[in-house]
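Observations on chain architecture
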Amino acid sequence: MEEAQAHSILDPETEFLASKRQTGNEWELFKENVRPLKRGRKIDVLNEALKSHSDKEIRKSLHDQRRKLIEAIDHYEGDDPLQPWLECIKWVQEAYPPGGDCSGLVVIYEQCVRTFWHSDRYKDDLRYLKVWLEYAENCADAEVIYTFLDVNEIGKSHALFYISYALHMETKHKVKTANEILNCGISRNAHPVKKLEDTFRKFLARSMRMPKTRDEDKDENHLPARSFGTLLAKGDNSKRTAESYDQVKRKQKADRAPLAIYKDKNTDTGLDHQLEMPKKGLNTWQTLGGRADRNKENSALPSKWTSHKIPQRPGQWVGSTTSGPIIEVFVDEECPQSGIVREKSSTLQFRQVDNKELKKETELLRENPLRNFPLNSLPR
Amino acid sequence: MASKTVAKDIITLRGSAAIVSEFFGYAANSILYNRGVYPEESFAKVKKYGLPMLLTEDEDVKSFIANLTSQLSEWLEAGKLQRVVLVIMSKSSGEVLERWNFSIETDGEVVEKGESREKSDKEIMREIQAIMRQIVSSITYLPCLDEPCVFDVLAYTDKDVAVPFTWMESDPKLIANPQMVKLHSFDTKIHKVDTLVSYKNDEWDDQ
């Protein structure tokens, strides 16, 4: 226990207490409406934000503030373009305490990560990784995001990546995968290593206590786990007929699993492949192509369908100058695309869409977090 | 004419010192529990202030807090205690993450003349209850402490107080640029206790 002598220069706390200023009590009154943030919240911003839900004036000023922050992103000229994005994200988190689909939080996470995903500069940036991780937390299935990060080597030097990834897999009962992920992080010396090792230890303790898991074959990640047809074909275990389907499935996977699990951690060359992912076709993730290539879905001119023929209904054609089997899709070049504008840094989106659009886009993103990413960057 | 009067109780200096030091013991336990400084399983539920409160079963922490509260009581009776601060620090780096600051104003006359005051015990209890509730609710804005932490207690006293054996002089362990939240206060009419929690403003690029 320690005793401190009172200081003549007031520290901020003493000053605050002496000033008779009060902290607003909105935080306590509306605490059910507040989603706690890992990094904590600024109390003044929180109280203001909570007030706004009953005040049109404040709501309008929120709208203006958001616009200002987006403009700051668009007009930024310094050498750390991620910074204004972070400011905006932090603000949205604080100004909309409950989070929720109308806050546009998920949308801005997505726009931020999509803006920099190919940038070497931010591959190892912890702040950038954290945006990805927060995005992942908001999605129905974050696994696709973690896979994406892994293949694109984003955040691979940070312990946080492996910890979050492993935790996610653990919640999906993919304990062996989680184990490999943590091991991979440790072997790559992700920092801070101690935190990774502590996490690993706690994870091992937890998995000792858990009953034997029932899944794990990574190659079947996205397939439903039924395989009745093959059970009877394997005749090497006479006990099988007596066991339930579940147990048999488990055993079957366990038979296959040893091939996947052991990796020789001593060889350096093995390191990059420690994390076993379905490797086929993943080269496509790493090539992005030029901007034009990326945006070809938006700028492509309509052309003949070459792969699929639709039988034409004989009959009248109204307003068409050409006859024959060509279906021409009408594109109004002058009409601004509603909702998602992909040409620029897509921050224009905020100004054009309203709450309903934000909500809709948020829902779509939650279901399919990489939906706006160029098709040739996604895993097949 | 029927009138409702709140029954007031007599509060002596000693009684008030006991109330405040006891409050501090329970508040410290609540903070240690809610902030995860010690594992949940090491606490047991008791009833106090009309609320379910948690007290540690860990012998070391128990005796630390018991020694603490008896020393505080002594200082309170002498009217020499100005502030008590519970500091939460990172175990690995020693960095101060959170400070729970209880500031005390003592009625000097009572100390000098040995008078007593009147206030309803129930009302004091209600005031303390409000503070305890706020401590629990403060998860709303406090950053997540996801690393092992340790705590310490600082006491600010009048300059003429001799440092007791188990205590030592220290620097104030302040947080730079803290976020601060003033919580409710309670008043026995002899000691008035203001509560404030200050915490580190977590930036996006912290590990």
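One can find the structure itself at the top, above this paragraph.
What you are looking at is a predicted structure, and each value in this text was computed from that prediction instead of being measured.

**Things to note about the interface of chain A and chain B**
- Between chain A and chain B, the contact holds 43 residues from the first and 58 residues from the second.
- At the boundary of chain A with chain B, the tally comes to two salt bridges.
- In this structure, the salt-bridge partner of D11(A) is R83(B), at a minimum N-O distance of 3.6 Å.
- Counting the contacts that link chain A with chain B gives eleven residue pairs in polar contact (both at pLDDT 80 or more).
- Contributing elements (two or more residues each) for the side of chain A that touches chain B: β1 (2-5), α1 (12-18), α2 (26-29), α3 (43-52), α5 (82-95) and α7 (126-137) of chain A.

**Comments concerning the pattern of salt bridges**
- Counted according to the given criterion, the structure contains 29 salt bridges over all chains.
- Between K194(A) and D198(A) there is a salt bridge, and its shortest N-O distance comes to 3.4 Å. Separated by four residues within a single helix, K194(A) and D198(A) lie in helix α11 (residues 193-209), roughly one turn from each other.
- Residue D198(A) is classed as partly exposed on the basis of its relative accessible area, which comes to 23%.
- R14(B) serves as the salt-bridge partner of E77(B), at 3.4 Å between the closest nitrogen and oxygen. Linking E77(B) in helix α2 (residues 59-77) with R14(B) in helix α1 (residues 13-34), this pair joins segments that are 63 residues apart in sequence.

**Details of the packing of helix α9 (residues 159-171) of chain A against α11(A)**
Residues and elements named next belong to chain A.
- Contact geometry for α9 and α11: axes closest at 9 Å, N-to-C directions at 15 degrees. The angle between α9 and α11 falls in the class roughly parallel. Here α9 and α11 pass one another in a crossing that is left-handed. Residues A159, Y162, I163, L167 and E170 of α9 lie in contact with α11, whose contacting residues are K195, L196, T199, F203 and R206.
- Residues that form the contact of α9 with α11 fall into these classes: six nonpolar, one polar and three charged.

**Looking at the packing of aromatic side chains**
- Applying the stated criterion across every chain, the model contains 27 aromatic pairs over all chains.
- Taking the centre distance of 5.2 Å and the plane angle of 70 degrees together, the rings of F148(A) and F373(A) count as edge-to-face. With a gap of 225 residues between them, F148(A) in helix α8 (residues 143-151) and F373(A) in the segment after α19 (355-367) connect regions that are remote in the sequence. This pair shows no difference in class: F148(A) is buried, exactly as F373(A) is.
- Members of the aromatic cluster, joined through ring pairs, are W85(A), F116(A), W117(A), Y122(A), Y128(A), W132(A), Y135(A), F148(A) and F373(A).
- Above the ring of Y156(B), the side-chain terminus of R83(B) is found at 4.1 Å from the ring centroid.
- Directly above the ring of F16(A) sits K182(B), whose terminal nitrogen or CZ lies 5.3 Å from the centroid.

Parameters at a glance
Residues numbered from 1 in each chain as written. Chains lettered and ligands numbered in written order. Predicted model: local features only at pLDDT ≥ 70, side-chain atom pairs only at ≥ 80, totals over all residues. Heavy atoms only, no water. Contact = heavy atoms within 4.5 Å. Salt bridge = Lys/Arg side-chain N within 4 Å of Asp/Glu carboxyl O. Polar contact = N/O pair within 3.5 Å; in protein donor to acceptor, adjacent residues only side chain to side chain. Helix = DSSP H or I, 4+ residues; strand = E, 2+ residues; numbered from the N terminus. Buried < 20%, exposed > 50% of the residue type's maximum accessible area, 1.4 Å probe, protein only. Axes fitted to C-alpha atoms, helices over the stretch in contact; angles between N-to-C directions. Parallel < 35°, antiparallel > 145°, perpendicular 65-115°, else oblique. Left-handed = near helix turned anticlockwise from the far one by under 90°. Nonpolar A, V, L, I, M, F, W, Y, C, P; charged D, E, K, R; others polar. Phe/Tyr/Trp six-rings, centres within 6.5 Å; stacked < 30°, edge-to-face > 60°. Lys NZ or Arg CZ within 6 Å of the ring centre and 35° of its normal.

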